[in-house]
Amino acid sequence: MTHRDPPSIAPHIPADAYHRAQATGQPVVIVVHTTDHTHRPLAHYLYPLAIAGASAIGVFATVAALLALLDFAVHTAVQIAAATGPISVCGLTFKLFGSKR
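Bear in mind the structure is a predicted one, so any value in this text is a computation, not a measurement. (Residues numbered from 1 in each chain as written. Predicted model: local features only at pLDDT ≥ 70, side-chain atom pairs only at ≥ 80, totals over all residues. Heavy atoms only, no water.)

What about the overall build of the protein chain?
Within the protein chain, the regular secondary structure consists of 2 helices and 2 strands. When the helices and strands of the protein chain are listed from N to C terminus, the series reads α-α-β-β. Expressed as a percentage of its 101 residues, the buried residues of the protein chain come to 5%. As displayed, the protein chain offers around 9,200 Å² of accessible surface, 68% of which is attributable to carbon and sulfur atoms. (Helix = DSSP H or I, 4+ residues; strand = E, 2+ residues; numbered from the N terminus. Buried < 20%, exposed > 50% of the residue type's maximum accessible area, 1.4 Å probe, protein only. Areas by Shrake-Rupley, 256 points an atom, 1.4 Å probe, with all protein chains shown as cover.)

Side note on a nonpolar patch on the surface
On the surface, V59, V63, L67, L70, V74 and V78 cluster together to form a nonpolar patch covering roughly 520 Å² of accessible area. Mapped onto the secondary structure, V74 falls in helix 2 (residues 43-84). (Patch = residues over 30% accessible without salt bridge, like charges linked within 9 Å, V, L, I, M, F, W, Y side chains within 5 Å. Salt bridge = Lys/Arg side-chain N within 4 Å of Asp/Glu carboxyl O.)

Next comes the structure, spelled out in structure tokens:
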């Protein structure tokens with residue numbers, strides 16, 4: 001780089017305007033156009049929604065697993081009760097299931 005090259009902070013300045021400013025001693029005015037970021041980026045909404053969705057799926061899966069376990073336990077209890085026959089408590093006999101004949 002020579003002393004005649006435009007500075008690297010403003011590569012958009014035309015070379016003739018830069019050289020003219022160097023020759024005359026006029027200051028170079030750099031105008032930077034920026035956009036106003038008044039809105040939130042998508043990540044501010046995406047991460048909480050992803051966490052809430054994963055939590056909802058986890059709760060749903062936990063409830064489904066508990067219901068499946070309860071269903072299995074009830075079916076197991078019914079099969080055991082059907083296989084044992086009548087139950088006696090303090091001299092009282094209870095027949096839980098009727099005969100299939």
